[in-house]
Amino acid sequence: MARILSYRQALSEAFRQEMERDPTIIMLGEDIAGGKGAPGDQDAWGGDMGITKGLIGRFGEARVIDTPISESAFIGAAVGAATCGLRPVVELMFVDFMGVCFDQIFNQAAKFRYMFGGKARTPVVIRTQIGAGYRAAAQHSQCLYPLFTHIPGLKCVVPSTPYDAKGLFMTAVRDDDPVVFFEHKLLYDKAKGDVPEAPYTIPFGEAAIVRDGKDVTIVALARMVHFAQDVATDLAKEGIDVEIVDPRTISPLDEETILDSVAKTGRLVVVDEAYPRCGMAADIASLVAEHAFDDLKAPIRKVTPPHTPVPFAPELEDAFIPSRARIADAVRSVMRA
Amino acid sequence: MARILSYRQALSEAFRQEMERDPTIIMLGEDIAGGKGAPGDQDAWGGDMGITKGLIGRFGEARVIDTPISESAFIGAAVGAATCGLRPVVELMFVDFMGVCFDQIFNQAAKFRYMFGGKARTPVVIRTQIGAGYRAAAQHSQCLYPLFTHIPGLKCVVPSTPYDAKGLFMTAVRDDDPVVFFEHKLLYDKAKGDVPEAPYTIPFGEAAIVRDGKDVTIVALARMVHFAQDVATDLAKEGIDVEIVDPRTISPLDEETILDSVAKTGRLVVVDEAYPRCGMAADIASLVAEHAFDDLKAPIRKVTPPHTPVPFAPELEDAFIPSRARIADAVRSVMRA
Amino acid sequence: MTTGLQLSRDKLLEAYRRMATIRVFEETVHDLFESGALPGFVHLYAGEEASAVGVCSHLDDDDRIISTHRGHGHCIAKGCEVVGMMKELFGSSEGTCRGKGGSMHIADMGKGMMGANAIVGGGPPLACGAALAAKTLGTGKVAVAFTGDGGSNQGTTFESLNFAAIFKLPVVFVFENNGYAETTASSWSVACGDIVKRAPAFGMPGVQVDGFDFFAVHDAAAEAVQRARTGGGPTLIEVKLGRFFGHHEGDNQSYRGKGEVEALRRDHDCLHRFRKRVGDAKLLGGGELDAVDAEVKALVERAVAEARTAPRPAADQLLTDVYVSY
Amino acid sequence: MTTGLQLSRDKLLEAYRRMATIRVFEETVHDLFESGALPGFVHLYAGEEASAVGVCSHLDDDDRIISTHRGHGHCIAKGCEVVGMMKELFGSSEGTCRGKGGSMHIADMGKGMMGANAIVGGGPPLACGAALAAKTLGTGKVAVAFTGDGGSNQGTTFESLNFAAIFKLPVVFVFENNGYAETTASSWSVACGDIVKRAPAFGMPGVQVDGFDFFAVHDAAAEAVQRARTGGGPTLIEVKLGRFFGHHEGDNQSYRGKGEVEALRRDHDCLHRFRKRVGDAKLLGGGELDAVDAEVKALVERAVAEARTAPRPAADQLLTDVYVSY
Ligand SMILES: Cc1ncc(C[n+]2csc(CCOP(=O)(O)OP(=O)(O)O)c2C)c(N)n1
Ligand SMILES: Cc1ncc(C[n+]2csc(CCOP(=O)(O)OP(=O)(O)O)c2C)c(N)n1
Ligand SMILES: [Mg+2]
Ligand SMILES: [Mg+2]
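Residues numbered from 1 in each chain as written. Chains lettered and ligands numbered in written order. Predicted model: local features only at pLDDT ≥ 70, side-chain atom pairs only at ≥ 80, totals over all residues. Heavy atoms only, no water.

Describing the overall build of chain A
Then step 1. Secondary structure summary: chain A contains 13 helices and 14 strands in total.
Then step 2. Since a compact globule built from 337 residues should have a radius of gyration of about 20 Å, the 20 Å found for chain A is in line with a globular shape.
Then step 3. Considering only C-alpha atoms, chain A reaches an extent of 65 × 45 × 45 Å along its principal axes.
Then step 4. Within the span of chain A, comprising 337 residues, buried residues form 76% of the whole.
Then step 5. In the form shown here, chain A has an accessible surface area of approximately 8500 Å², with 48% of it arising from carbon and sulfur atoms.
Then step 6. Between the mean site of the 36 positive side-chain charges and the mean site of the 46 negative ones, chain A shows a separation of 1 Å. (Helix = DSSP H or I, 4+ residues; strand = E, 2+ residues; numbered from the N terminus. Rg over C-alpha atoms; globule rule 2.2 N^0.38 Å. Buried < 20%, exposed > 50% of the residue type's maximum accessible area, 1.4 Å probe, protein only. Areas by Shrake-Rupley, 256 points an atom, 1.4 Å probe, with all protein chains shown as cover. Lys, Arg positive; Asp, Glu negative; His and termini not counted. Charge placed at Lys NZ, Arg CZ, Asp CG, Glu CD.)

Spelled out as structure tokens, the structure:
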């Protein structure tokens, strides 16, 4: 019988189950419990979005640690602790804040193993919120995962469903490398789906074929997977049979599944909510242009936001985010080519 | 008569001439003069690589400002000052250090104009060193310009010759938007060429066709332009006629020149020293796969380092950097296809 | 130096007007948000008015301030126009930032307001820059960085204190310690207890003031601003105060003490205190202050009415204002 | 607590051995670099030996330290093996980091040495992490962050001080103030003059010591390490010292005072001082120290000889060690 959870619930369950399993897992972040030092309730928030609610009650202050607003210090501390026997899961509240602490992520965590000749292990998970649509404007709405994907030594996970969120988190926390785990803020409540209660893992580097189809491949991540599904349903009525590939992890990237899909369909549309320049859409498009060129029957189409910051006004923000209409047009255009 | 300068000399001349022209230009950075507060010589270093030597003598302490090791503070100060009537040129000694100060660049400088509805102007230039080959290992050898190119609101300049370095710097400092100016540390002394003494500017968004050819287009940046030239000379002997396009600025990117070149040659090899994932090679390859697909006679080839940090040992570092041999092989492979 | 109680009647009335405007603006925004009329993240400044106004009463349009995510009060104190601000919160193309910034990025360079800033600790380096420009250009202008207690722990903030001190920049660092960063108590997160105790570590004078008292803030700021203007370098001011609302709209505030907010509103309302001080000193009469209240209420009501029907941004606005030229 | 002068003969000899090893190692590297045998950026620790050894003499392999770009001395003080280190500087696959790290990233996790770090301010957050792990796991271990005067101005460092204090982490922050960050004087860049004056701002005890005197460093570190081990939280130690060489190899040092380096070498050599102190106190004889010198010299010579001919990394090493699995 299906057990329907939201993305939020799936994540909360994953956190709890993993912390129960492994006492070396600790959580750190700003207000992940809430009320530290304050006269009122502890666990007042359970995180900015309530995703870590209840953990402090279960695991105590030594394992669920509220931090000051000092991202370099506490993310760096998580990284350092990871080299000393803990498996920290640290929250960077919004990925937009990476600019105050990126060094600890990309020059320290990512490079230890290589710089030290394979003699270090840094099992840290950095959880962070991504995405537009919250009317939170330029400094709270970015995706930015291409910046992390660029960096050798990091693994990047971008789940689109509750099932994937739970399974990929469990893999992330058991992984021995630094993992950045990107949660789309608009999926927490809106994405719902079947989630087994028992713990399970989903291997990194294995894309999901979200929909089988023979005419066009859409590669999409996070919220865009859902948009792509809506579009595919619509286009089926026009006789266009869309295959949807969700890479789920973008570093490592399951190149094979993408290339196989394009080999089958001969057409590729990459849909991504991150900025276009040096972004994921470009990354995947270039992969296919290099390795599946002879399979292509039409130009590759990228559907991304424009090269602009995220605007505040709702109508502008909605126009910024790749729309179902733009995705559908792109698919139609490669069918015509 | 040719006036041969090194990249270093061309830059130093550009700095001096521009500071003479415009009293609102100031320079900031760590040890850009040197000896601040110390008992010995002022201008002891003139910058880590000596590029800013002599400026403090000419323009004084009020305009040539040594800073403490507080990149967020002094780069942020340059950004703030840019909105208040100055044109600061600030040095981030190595681009690898961006992780301690990226917020001031990508969330502040880059976004002011947009967030404030067009009512801000932030004419700041951030100069920084890039590139491997100095035996400086993982934290001093990266390119990282794809991270900046990803961000709407920034302009990114990557000169490959002394002529371009001078002309593009002059454009950068007169530009009203935030510009990140990437100087390849291995070019300072090794790149030499004709540089007019009189000030001149090179427009942003105009690629240089470094070599005319009809068989294959190589797009390359910075040090890789020189490698590409060597390869082209060699391949000419094999009867392969290579065209080389140097975008010079990667944001804005001169898409037209690249697409026109591919329209002519039908073959594209992108050579880049930055990491491969979500990098410039992917960016340019995807541009062509989308907009010049029908012109392509062969798969696009990217020649980049592997997805690894930069190693220390000289033989490993040399293997990390795209070599002339690898570039030549890529060109031959697209000729065969 | 003129103390707050020596200010002219006009200046006192203007200070009250700005404080009252902030209060009414924020109470109104609170209601609008609850009713669903406003989108996004909104952080209200109600309760903290004496700080922004006490500081900004020493500044003119060419002095610069930089604010935080909790920026409405600093805007109004610095003279930003209320109707445009309300339109901005509604995302209208007639808003202060043409609808592109919203509450967390509201700015008005023309008024010397360099922006709310949604990055905690984003502001202090920028304020150093404004001060550096003033110093380099010899304008005699000063800059003020408003930061919270939470923001006082950000590395960018610490760096800026040291940076400003070694260059003797004309900048004032105002730390508005309202006791909380989101849910986290400042008494815990600031290791040395009081932010003001950090001043010696950065080689600058520091002072702690009662932020519910306009006059206390005014006088401390007078000294700091004058020090900055006359080449004496930076000052750290810790303003102790409290917010009347949650961290942002939607916050249930369960981390606060029982009755804490009620006590704040009852015993520590800066508007009441101001009324009492000027009344006791017979500087202004209750009637004139009531008139200001009415005027302010009407202004904010008009702002809402106009904002509700103000023009929306056209689709092509998405692509403009990224660069001056590209 | 045992003071330095109460240490056993063996311990004293070992301290001297490590200091002397650092000295000979660095003088040798200096010559190698000049002769062109070594590539890259190399920053030498000669002159500062008493700091690393004074601190690390309280630590065992499971205590962690994190270093800076100037890392050789901290490595040796922490017990890293000298032949492997020299091979690392030569980029051999038998180096401590298999030739992938080089001078600026030399590390030996097995010895509790978390790495030199080429990012100024990169280390203090990581040391907090090591301390957090020790605290969480209840191991009784401590962490030490070595940072320079220049690094003391980095935001990451300030944040770490506050972070360590509020969690009472078992960490010691050692600021090696050698007067310069590259060419820039610390008396200018540290606004409050002495780094130790920052301790109160971060709610922790601070002490300033003469870094040319092993015994002074030893005793200050003894107290700090004990405080950390027994749950008393962090300590800030400012060690005043000087470097015998330039910032990095190739530095002409024209920013330094006339005769400054000569005076340092003549009057402030920690090895001479050590010899005099133990001689005056009749703890060790000159002969045994001379024997150590000879032993150390032979060791470093052997290290160079082996490193020169040590195996080079195979081409496929470029691609390994990026991830544990991918
Ligand atoms: C770099 C960064 N980290 C975290 C946040 C999330 N955040 C927004 S406001 C806030 C609390 C700020 O507290 P304080 O500085 O005391 O200001 P107050 O809200 O009390 O006015 C936090 C953690 C952020 N916006 N930026
Ligand atoms: C974030 C960062 N900024 C700048 C540098 C360049 N740099 C390397 S060492 C150094 C000076 C460090 O001075 P200090 O901390 O006093 O250490 P010392 O060299 O004196 O031992 C600088 C500026 C760097 N490596 N990282
Ligand atoms: Mg606060
Ligand atoms: Mg130093």
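Side note on the relation of the copies chain A and chain B
Copy one and copy two of the chain differ by a rotation about an axis and a translation along that axis.
Then step 1. After a rotation of 180 degrees and a shift along the axis of 0.0 Å, chain A superposes on chain B with an RMSD of 0.0 Å. Interpreted geometrically, this transformation is the action of a two-fold axis.
Then step 2. The overlap is high: 100% of the interface residues of chain A also sit at the interface in chain B, so the same surface is used on both sides. (Least-squares fit on C-alpha atoms with pLDDT ≥ 70 in both. Contact = heavy atoms within 4.5 Å.)

Regarding the domain arrangement of chain A
Residues and elements named next belong to chain A.
Then step 1. When its domains are assigned, chain A resolves into domain 1 (2-196) and domain 2 (208-336).
Then step 2. A C-alpha centroid distance of 27 Å is found between domain 1 and domain 2.
Then step 3. Taken residue by residue, the interface counts 28 residues in domain 1 and 26 residues in domain 2.
Then step 4. Between domain 1 and domain 2 the total buried area reaches about 2200 Å² when both faces are included, carbon and sulfur atoms providing 61% of it.
Then step 5. Contact with domain 2 buries area across many residues of domain 1, yet Arg135, Tyr145 and Val158 alone supply 26% of it, more than any other trio.
Then step 6. In this assembly, domain 1 and domain 2 are joined by 3 salt bridges.
Then step 7. The shortest N-O distance in the salt bridge between Glu317 and Arg135 comes to 2.8 Å. (Domains from an automatic or database assignment. Buried area = accessible area lost by both parts, 1.4 Å probe. Salt bridge = Lys/Arg side-chain N within 4 Å of Asp/Glu carboxyl O.)

Here we look at the site of ligand 1
Then step 1. Lining the immediate environment of ligand 1, one finds 21 residues, of which Glu71(A), His69(C), Arg70(C), Ala118(C) and Asn178(C) sit closest.
Then step 2. Nearby residues place ligand 1 at the junction of chains A and C.
Then step 3. A distance of 3.0 Å separates a nitrogen atom of ligand 1 from a polar atom in the backbone of Val120(C).
Then step 4. The contact in question runs from an oxygen atom of ligand 1 to an N or O atom on the side chain of His247(C), over 3.4 Å.
Then step 5. Coverage of ligand 1 by the protein amounts to 97% of the 580 Å² it exposes when considered alone.
Then step 6. The residue makeup of the shell around ligand 1, split by class, is 8 nonpolar, 8 polar and 5 charged. (Near = heavy atom within 4 Å. Polar contact = N/O pair within 3.5 Å; in protein donor to acceptor, adjacent residues only side chain to side chain. Nonpolar A, V, L, I, M, F, W, Y, C, P; charged D, E, K, R; others polar.)

Some remarks on the site of ligand 2
Then step 1. Glu71(B), His69(D), Arg70(D), Ala118(D) and Asn178(D) are the nearest of the 21 residues found near ligand 2.
Then step 2. The local environment of ligand 2 is shared, drawing residues from chains B and D.
Then step 3. Within the contact set of ligand 2, a nitrogen atom lies 2.5 Å away from a side-chain nitrogen or oxygen of Glu71(B).
Then step 4. Between Tyr180(D) and ligand 2, the recorded distance is 2.8 Å, taken from a backbone N or O atom to an oxygen atom.
Then step 5. Protein chains shield 97% of the accessible area of ligand 2, which is 590 Å² for the free molecule.
Then step 6. Across the shell around ligand 2, the residue classes tally to 8 nonpolar, 8 polar and 5 charged.

Some points on the pattern of salt bridges
Then step 1. Following the criterion strictly, the structure yields 108 salt bridges over all chains and no others.
Then step 2. Note that Arg121(B) and Asp176(B) form a salt bridge whose closest N and O atoms lie 2.5 Å from each other. Of the two residues, Arg121(B) sits in the loop between α5 (112-115) and β5 (125-130) while Asp176(B) sits in the loop between α7 (162-174) and β7 (179-184), which places them 55 residues apart along the sequence.
Then step 3. We classify Asp176(B) as buried; its relative accessible area is 17%.
Then step 4. Its salt-bridge partner being Asp290(C), residue Arg275(C) comes within 2.6 Å of it at the nearest N-O pair. Here Arg275(C), found in helix α10 (residues 270-280), pairs with Asp290(C), found in helix α11 (residues 286-309); they are 15 residues apart in sequence, far enough to count as distant.

Considerations on the relation of the copies chain C and chain D
Then step 1. In the superposition of chain C on chain D (RMSD 0.0 Å, axial shift 0.0 Å), the rotation amounts to 180 degrees.
Then step 2. An overlap of 100% is found between the interface residues of chain C and their copies at the interface of chain D, pointing to a shared contact surface.

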